Amino acid sequence: MLTAVWRYLMRHPWRYLLIAVVLVIYDFSLVLPTQVIQRLIDALTKANLTRMQLWNEVGLLVAATLVSYLSSYLWNTRLFQSAIGFKFDLQAKSFRKLISMRQAFYDKFRSGDMVTRFSSDAEYLEEFAGYGLMIVLYGGGLIAFVIPVMFAISWQISLWAMTPLLFLVWFFWYFGKKQDQSIEDNREAVASLNNEVLEVVEGIRVTRAYGRKAELAQQFHKHTERLVDLGNTITRFQSAYGPVSTAMLGLSTAIILGLGAHYLLAGHITLGQIIALQLYVVSLVEPFVMLADLIIVYQTATTSYRKIEELIETSDDMEPDGLLQCSEFETLSFKDYSFAYPMAERSSLQEISFELSAGQTLGIVGKTGAGKTTLIRQLLRQYPLGSGQLLLNQVPILDYQRASIDQLLGYVPQEHVLFSKPVGANIALGKVGSQEEEIRRAVALASFSSDLEQMSAGLETPIGERGVSISGGQKQRISLARAFIKDPQVLILDDALSAVDARTERVIIKNIQEERQDKTTIIVTHRLSAVNHADLVLVLDEGRIVERGRPDELLAQGGWYAQQYDRQQASEEE
Ligand SMILES: Nc1ncnc2c1ncn2[C@@H]1O[C@H](COP(=O)(O)OP(=O)(O)OP(=O)(O)O)[C@@H](O)[C@H]1O
């Protein structure tokens, strides 16, 4: 972590040099008044204070106060603004990482955990880059200034007077470590709570439908009770620090006064020096306490940095990107292709072989869990490849730049993804700089025009987070319109019409047939009527192709496809 902070400092050397210089000036301005007071008291006790000296000393005090205010403002703003910059840098780096990752990466982290790494952990690092550096520069600087001055007055008194302060540092360090464990537990508990809230919010309808509200509320209550317990423990630790500091300072004062009186009587020290020693010790309490704090801030930041680093360094295990650009889709071939998910024991695809040419429509059907989505995910390069060959235009898919393949594809996933934006903006995401005319055309193709007319603000109608205010079928058709506006060379619908009724589905399929005559379409579906027009239909079962052919050929074979088709036709007629 220190390397990361150091690298950040080195990127802004002048800024940090300024902060360091201003902090040294600030430390000096804090020590100066004590020296003035010492001289004034000594002059007063010796009764030789002149008017001129008095004005000079008062002038120095005023100047020190002014310098202290100005320098304090300057270093505070610069240092803490830079710490915010450091945090944003880390967050930007994490964010760039997140958006560059494929699905396999997201399978490794829970959403709440990722949010915590992004927010709380980044804030702990900001604290180290701000408060931590402040301790080093300000606290360290003050100690370096004050201790030599104290020792110059009387090294014996100084040594004794500082003993309670050393105990104070040990106390803060020792209990700080214990507190740190509670802070870490607290962090984990917050992450787990975040996860729970995210999951509950995402699945709120299911929660309601199954009447699990009370149970979840109770579970939430338990989590918060644990947070309260941890919060109480942390508060107990923090509450002990104040009284112990006061007690130790009291002890130092007693030592200074006791020994001071002794040395004063022996004529080794002046009254002004005793008072100065006392003021110096008071000024040392804060930096000493801060030093102990530094250990805690450092440890917390190290843990947080490890968490963020894990996020940044965890890979999606994808193979290195290829060099070739793929600008035109010609053929897609799977040859003896098998695939197992990274952590899975069983293969989800086994010995898959087929070829699809530009302009064709491919239907992929089969029981639930048969491997249909998995097959699509291989083409989308969401996971590292399996064994066998996956060729694009007869070239291994690995040889291509992934981004160049992405721009050929339009993908409508099973779980529709909508953003908290108006309907039109959600659709426009499919094509950069799309015009309203194009959006309306995509809406018509997705058979969404009449729904849009019913919406109060048309294309400007806002969609709530994750599109909660509209129906499942509407969400699917908005996602579909987003893919239509892209007009991709290969359109992939992964069970993307499951929430629309059979009649609407027929309209959409007809639109696709008409609009995409010379383009390639892949349709994964449970409703077999949606692939009636396909050039090739694959029936998957347990990751294998068990039937293949044109729909009429499959019907003639009398296998799973034919039986399923008849069953669906019969239930539609009912
Ligand atoms: N991320 C994953 N990690 C491990 N196994 C997975 C993962 N995703 C899917 N599987 C497994 O792979 C198999 C095929 O799943 P897949 O989602 O491809 O089926 P499907 O045919 O699309 O099903 P459905 O019609 O229900 O969507 C299933 O056994 C599933 O449990």
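Residues numbered from 1 in each chain as written. Predicted model: local features only at pLDDT ≥ 70, side-chain atom pairs only at ≥ 80, totals over all residues. Heavy atoms only, no water.

The protein has the name ABC transporter ATP-binding protein in an unreviewed UniProt entry, where Streptococcus caprae is given as its organism. Of the protein, the UniProt comment under Subcellular location (unreviewed entry) reads exactly: "Cell membrane". (UniProt positions renumbered as here; feature names shortened; annotations may be inferred.)

Undergrad: What is the right way to look at the site of the ligand in this model?
TA: Near the ligand you find 15 residues, and of these T368, K372, T373, T374 and Q414 are the closest. One of the side-chain N or O atoms of Q414 is found 2.6 Å from an oxygen atom in the ligand. A distance of 2.9 Å is found between an oxygen atom of the ligand and a side-chain nitrogen or oxygen belonging to H526. Computed on the free molecule, the ligand has an accessible area of 630 Å², of which 65% lies beneath the protein chains in the complex. Its residues placed into classes, the shell around the ligand shows 3 nonpolar, 8 polar and 4 charged. (Near = heavy atom within 4 Å. Polar contact = N/O pair within 3.5 Å; in protein donor to acceptor, adjacent residues only side chain to side chain. Areas by Shrake-Rupley, 256 points an atom, 1.4 Å probe, with all protein chains shown as cover. Nonpolar A, V, L, I, M, F, W, Y, C, P; charged D, E, K, R; others polar.)

Undergrad: Teacher, can you tell me more about the sheet that holds strand β4 (residues 387-392) here?
TA: Paired through their backbone hydrogen bonds, the strands of a sheet run either parallel or antiparallel. In space, the 4 strands of this open sheet follow the order β2-β1-β4-β5, with antiparallel pairing throughout. Each end of this open sheet is capped by a strand with a single partner; those strands are β2 (349-357) and β5 (395-396). Sheet analysis places strand β1 (residues 331-339) next to β2, joined by 6 bridges and oriented antiparallel. Counted as the bridge partner of F334 is F354 from β2. Packing of helix α10 (residues 372-379) onto the sheet brings it into contact with β1, β2 and β4, and relative to β1 it is tilted by some 120°. (Pairing = 2+ DSSP bridges. Helix = DSSP H or I, 4+ residues; strand = E, 2+ residues; numbered from the N terminus. Contact = heavy atoms within 4.5 Å. Axes fitted to C-alpha atoms, helices over the stretch in contact; angles between N-to-C directions.)

Undergrad: What am I meant to see in the pairing of strand β9 (residues 536-541) here?
TA: Side chains on a regular strand alternate between the two faces of the sheet. Most of β9 is tucked away: 5 of the 6 residues are buried. When strand β3 (residues 361-366) meets β9, the two strands line up parallel, connected through 5 bridges. For G366, the partnering residue across the bridge sits in β9 and is L540. As paired strands, β9 and strand β10 (residues 544-549) are joined by 5 bridges and run antiparallel to one another. Residue pairing for β10: V539 is matched across the bridge by E547. (Buried < 20%, exposed > 50% of the residue type's maximum accessible area, 1.4 Å probe, protein only.)

Undergrad: Is there a simple way to think about the UniProt feature "transmembrane region" (unreviewed entry) in the protein in this case?
TA: Taken from the UniProt record, the annotation "transmembrane region" (unreviewed entry) applies to residues 14-33, 54-75, 128-150, 157-176, 247-265 and 277-298. Helix makes up 100% of residues 54-75 and strand 0%, and the two end C-alpha atoms of the span are 31 Å apart. From the first C-alpha to the last, residues 128-150 spans 30 Å; its make-up is 100% helix and 0% strand.

Undergrad: Help me understand the pattern of salt bridges in this model?
TA: Side chains carrying opposite charge are able to pair once their charged atoms draw close together. Tallied over the full model, the rule gives 21 salt bridges. A salt bridge links E515 to R441, with the nearest nitrogen and oxygen atoms 2.5 Å apart. Highlighted residues: E515 in helix α16 (residues 502-515) and R441 in helix α13 (residues 436-445), separated in sequence by 74 residues. Given a relative accessible area of 34%, E515 falls into the partly exposed group. The shortest N-O distance in the salt bridge between D552 and R550 comes to 3.3 Å. Note on D552: relative accessible area 46%, which makes it partly exposed. Here R550 falls in the partly exposed class, since its relative accessible area comes to 40%. (Salt bridge = Lys/Arg side-chain N within 4 Å of Asp/Glu carboxyl O.)

Undergrad: Is there a simple way to explain the packing of helix α8 (residues 213-265) against helix α9 (residues 271-313) in this structure?
TA: The description of two helices packed together rests on the angle between their axes and the distance between the axes. The contact between α8 and α9 brings their axes to 10 Å, and the two run at 160°. Here α9 runs roughly antiparallel to α8, going by the angle between their axes. Considering how the two elements wind past one another, α8 and α9 form a crossing that is right-handed. In contact with S245, L249, S252, T253, I256, L257, G260, A261 and L264 of α8, α9 contributes L271, I274, L277, Q278, V281, V282, V285 and V289. Within the contact of α8 with α9, the residues separate by chemical class into 12 nonpolar, 5 polar and no charged. (Parallel < 35°, antiparallel > 145°, perpendicular 65-115°, else oblique. Left-handed = near helix turned anticlockwise from the far one by under 90°.)

Undergrad: Is there a simple way to explain the domain arrangement of the protein in this structure?
TA: The accessible area lost on association of the parts is a frequent measure of interface size. Per the domain assignment, the segments of the protein are domain 1 (2-313) and domain 2 (357-387 + 400-573). Just the C-alpha atoms count here: the centres of domain 1 and domain 2 sit 56 Å apart. With 6 residues of domain 1 in contact, the opposing surface of domain 2 contributes 10 residues. Interface area for domain 1 against domain 2, summed over the two sides, is near 680 Å², with a carbon-plus-sulfur share of 39%. On inspection of domain 1 and its partner domain 2, the count reaches 1 salt bridge. (Domains from an automatic or database assignment. Buried area = accessible area lost by both parts, 1.4 Å probe.)

Undergrad: Where do I start with a nonpolar patch on the surface in this structure?
TA: On the surface, a cluster of nonpolar side chains totalling about 510 Å² of accessible area is made up of W14, L17, V21, I25 and V67. Among the elements that line the nonpolar patch, the one with the most residues is helix α2 (residues 13-45), at 4 residues. Position of V67 relative to the elements: it lies in helix α3 (residues 51-100). Judged by its relative accessible area of 35%, V67 falls in the partly exposed class. (Patch = residues over 30% accessible without salt bridge, like charges linked within 9 Å, V, L, I, M, F, W, Y side chains within 5 Å.)

Undergrad: Help me understand the packing of aromatic side chains, please; the structure alone is not making it clear to me.
TA: Two measures describe an aromatic ring pair: the distance that separates the ring centres and the angle between the ring planes. Tallying each qualifying case throughout the model produces 22 aromatic pairs. For the ring pair Y8 and F86, a centre distance of 5.2 Å and an interplane angle of 65° mean the geometry is edge-to-face. Here F86 lies in helix α3 and Y8 lies in helix α1 (residues 2-11), a separation of 78 residues in the sequence. The exposure classification of Y8 matches that of F86, with both residues buried. Judged by centre distance (5.2 Å) and plane angle (50°), the ring pair of F105 and F109 falls under tilted. Pair check on accessibility: F105 and F109 agree, each one buried. Members of the aromatic cluster, joined through ring pairs, are F167, W170, F171, F172, Y174, F175 and F237. (Phe/Tyr/Trp six-rings, centres within 6.5 Å; stacked < 30°, edge-to-face > 60°.)

Undergrad: When you look at unusual backbone geometry in this model, what are you seeing that I'm missing?
TA: Peptide bonds are trans in most cases, and residues, glycine excluded, mostly fall at negative phi. Of note, the phi angle at R381 is positive, near 55°, even though the residue is not glycine. Within the fold, R381 resides in the loop between α10 and β4. Under the relative-accessibility criterion, R381 is labelled buried at 2%. The residue S447 is not glycine, and still its phi comes out positive at about 55°.

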